[in-house]
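# Tertiary structure, described
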Amino acid sequence: MKKVVITGMGIVSPVGTGIDYAWKNLLDGKTGIHKITGFDTEELASKIAGVPQRGTEPGEFNPDTVIEPREQRKMDNTIIYGLVAADEAIKDAGLIEYNGDKERIGVSVGSGVGGLSTIALTDKDIIEHGSRFVSPFFVPKCVVNMTSGYISIKYGFGGPNIAMATACATGSHSIGEGAEIIKRGDADIMICGGTEAAVCPLGMIGFSAMRALSTRNDDPEHASRPWDIGRDGFVMGEGAGILVLEEYEHAVARGAKIYAEVAGFGMSADAHHITAPAPEGVGGKRAMMIALNKAGLKPEDVDYVNAHGTSTGLGDVGELVAVKDLFGNGKTCMSSTKSMTGHLLGAAGAIEAIFCALAIRDNIVPPTINLENPIEEVGDFNLVPNVAQKRNVDVTLSNSFGFGGTNASLILKRVK
């Protein structure tokens, strides 16, 4: 069986653009959640979100360094985020100077909802001005697979080119399926991850109508609070996470840097409800067990779980019950980085896989901030409250659960 490893990573996130900046802010417990300033929120129930901060300073989001401004006008932010994160990951992996067969490099980058703001703005233009004002770039700006397409075109990668759309499990599914493509021999390298840009009036109104979003509008920094009694819904976030996956022997042969092995990937369905998780997180638990089995590991081998942990009533409890049932109260700890980033929907699993790889690299786990009054179900389970913890991290598990009852679990392992 082929072994798949991570050789490059890139990120655009509310806590920073660039791996080093995002990771430092995460470990410092700095939130990226603030009041929305990009559009009028007067009519919105939830007026807060996690959005990459634009600027020209290190750690800020500056797409002009990767994409010509005139080209950006042809793209939705979903594509722009993905391209910026991909550029960092590809450079990190040393693939700009790659002289190998680029037909053996593929792309698997998805999105939960695609170009939502482009769709909304185009519909508004039609109503106000008529169909002649619709851009010829409308469809390419908003369909889910265009980020994968742009990455392939920009770098000349001629291998498999796919795009997942499994709601909030998209990023993890994209990575897991990318690894499977390598394992079955269809590619040597896969550029994988997720991207999302749904912080727009339509996205905020849609999720608010479901009563899914936090309305702690006067205190945005403390709004995302997984497993805390005071939680009142998740906080929207946007950005992108991209990982370069590579067959192990191929990576060694070219002297690539290796972060971790993608050791296990589990999928399942709740088969229960379109938005509510199955009782006691049984679907998510099944995905975790499948991932462990594929990795050839036992629950006690896992050092850290990066939770789906969205800060919702049912979701937080279901996942916690499932994790405690599977891992007990041993050495395994769990935290939710969504307490700082918000929920990046289709990009969440990808940036969280990056955080897991960095936890392995640095032997430190990021905190769950705003965990002040834990729910009863927490007990003495270690949720890394408020402060990062130095500890030995050889194996991590990352959970992503999506609407429709779709579940994904990824296991990363230190390469020794």
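Here, the structure is the one placed above.
Here's a quick rundown of the structure. (Residues numbered from 1 in each chain as written. Predicted model: local features only at pLDDT ≥ 70, side-chain atom pairs only at ≥ 80, totals over all residues. Heavy atoms only, no water.)

## Brief notes about the pairing of strand β1 (residues 4-13)
Short version of the rule: Here the term buried applies to any residue with accessible area under 20% of the maximum for its type, exposed to any over 50%, and partly exposed to those in between, with areas from a 1.4 Å probe on protein chains only. Runs of E in the DSSP output that reach at least two residues are strands. Runs of H or I that reach at least four are helices, and both are numbered from the N terminus. In this analysis, strands are considered paired if DSSP registers two or more bridges between them.
Extensive coverage of β1 is indicated by the burial of ten of its ten residues. With eight bridges joining them, β1 and strand β8 (residues 239-247) adopt antiparallel strand pairing. In the strand pairing of β8, Val 4 is matched with Glu 247. Alignment of β1 against strand β9 (residues 260-269), held across two bridges, turns out to be antiparallel. Paired with Val 5 across the bridge in β9 is Glu 261. By the bridge criterion, two bridges tie β1 to strand β2 (residues 16-17) in an arrangement that is antiparallel. Paired with Val 12 across the two strands is Thr 17, which belongs to β2. Hairpin remark: β1 followed by β2, antiparallel, with two residues in the connecting loop.

## Some thoughts on the packing of aromatic side chains
The geometry of two aromatic rings is summed up by the distance between their centres and the angle between their planes. The cut-off we apply is this: Any pair of Phe, Tyr and Trp rings, taking the six-membered ring for Trp, is counted once the centres come within 6.5 Å. Such a pair is stacked with planes under 30 degrees apart, edge-to-face with planes over 60 apart, and tilted for the rest.
All chains considered together, the criterion is met by five aromatic pairs. The interplanar angle of 65° and the centroid separation of 5.2 Å between the aromatic rings of Phe 61 and Tyr 81 together place this pair among those described as edge-to-face. Here Tyr 81 lies in helix α3 (residues 77-92) and Phe 61 lies in the loop between β4 (48-50) and α2 (69-72), a separation of 20 residues in the sequence. The buried category is assigned to Phe 61, whose relative accessible area is 1%. By relative accessible area, Tyr 81 is classed as buried at 2%. Relative to Phe 157, the ring of Tyr 155 has its centre 5.7 Å away and its plane inclined at 20°; by these criteria the two rings are stacked. The same class applies to Tyr 155 and to Phe 157, which are both buried.

All quantities given are derived from atomic positions and should not be read as evidence of function.
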